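# Inside the fold
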Amino acid sequence: MVLDFNADEIFQIAEQIEQNGARFYRGAAELDFDEGTKKKLLALAEMEDAHEKTFVAMRKELSGQEVASTVFDPHGEVANYLKAMADSYVFQKSAAPEDLLSGKSIEEVLKIAIGLEKDSIVFYLGIQESVPEKSGKDKIGNIIKEEMSHVTLLTNELKALTK
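One way to put it is that helix α1 (residues 7-29) packs onto helix α2 (residues 35-60) with a least axis distance of 8 Å and a crossing angle of 170°. Classified by the angle their axes make, α1 and α2 are roughly antiparallel. Residue composition of the contact of α1 with α2, grouped by class: 13 nonpolar, 4 polar and 10 charged.

Structure below.
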């Protein structure tokens with residue numbers, strides 16, 4: 001069985017992924033880094049918080065079929081599936097940042113973060129194909145643009161550290 005999603009559902013995933021990203025950076029800031037690096041990581045967590053708010057605002061602008069359910073789901077199974085997807089992809093909720101990042105330099109943390117952001121772009125490009133045009137497929141492009149801006153920002157941070 002193939003599920004079609006609407007833009008509203010994808011924005012729900014995006015919001016959860018941003019929450020997971022903020023958790024990732026806050027967890028990284030708890031590791032053995034100098035105060036300047038900790039501040040940088042906390043600033044990245046705040047960036048994720050801001051992007052979550054951006055997605056919330058974009059989601060509020062959706063209307064009509066962009067928020068209409070694409071399947072009959074009286075038991076809310078699609079919502080549970082979407083939450084599981086968000087927690088299983090990109091900045092996985094189950095992955096403790098301490099385990100993933102312990103002993104890593106800030107440069108290595110940023111490289112991991114860039115990889116995770118690129119994974120999110122691939123994820124959204126793939127799931128975009130599951131959103132019919134009438135259900136807001138074009139809106140998913142806005143999420144992808146935001147994620148691309150994350151990659152650019154992180155890449156610039158990494159370049160600044162390696163100069």
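Okay, the packing of aromatic side chains next. If you walk through the whole model with that rule in mind, you get 3 aromatic pairs. When the ring of Phe11 is compared with that of Phe55, the centres are 6.1 Å apart and the planes differ by 65°; the resulting orientation is edge-to-face. Of this pair, Phe11 sits in helix α1 while Phe55 sits in helix α2, placing them 44 residues apart in sequence. Residue classification places Phe11 among the buried positions, given a relative accessible area of 1%.

Contact geometry for α1 and helix α5 (residues 106-128): axes closest at 12 Å, N-to-C directions at 175°. Here α5 runs roughly antiparallel to α1, going by the angle between their axes. Contact with α1, carried on its side by Ile10, Ile13, Ala14, Ile17, Phe24, Tyr25 and Ala28, involves Val109, Ile112, Ala113, Leu116, Glu117, Phe123, Tyr124 and Ile127 of α5 and no other residues of that element. Split into classes, the residues belonging to the contact of α1 with α5 amount to 14 nonpolar, no polar and 1 charged.

Applying the stated criterion to the full structure yields 6 salt bridges. Among the salt bridges present, the one from Asp8 reaches Arg59, with a minimum N-O distance of 2.7 Å. Here Arg59 lies in helix α2 and Asp8 lies in helix α1, a separation of 51 residues in the sequence. Given a relative accessible area of 14%, Asp8 falls into the buried group. By relative accessible area, which is 25% here, Arg59 ends up partly exposed. Put simply, Arg59 and Glu15 hold a salt bridge, and the shortest N to O gap is 3.2 Å. Linking Arg59 in helix α2 with Glu15 in helix α1, this pair joins segments that are 44 residues apart in sequence. Relative accessible area serves as the criterion here: at 10%, Glu15 is assigned to the buried category.

Basis of the calculations
- Residues numbered from 1 in each chain as written.
- Predicted model: local features only at pLDDT ≥ 70, side-chain atom pairs only at ≥ 80, totals over all residues.
- Heavy atoms only, no water.
- Axes fitted to C-alpha atoms, helices over the stretch in contact; angles between N-to-C directions.
- Helix = DSSP H or I, 4+ residues; strand = E, 2+ residues; numbered from the N terminus.
- Parallel < 35°, antiparallel > 145°, perpendicular 65-115°, else oblique.
- Nonpolar A, V, L, I, M, F, W, Y, C, P; charged D, E, K, R; others polar.
- Phe/Tyr/Trp six-rings, centres within 6.5 Å; stacked < 30°, edge-to-face > 60°.
- Buried < 20%, exposed > 50% of the residue type's maximum accessible area, 1.4 Å probe, protein only.
- Contact = heavy atoms within 4.5 Å.
- Salt bridge = Lys/Arg side-chain N within 4 Å of Asp/Glu carboxyl O.

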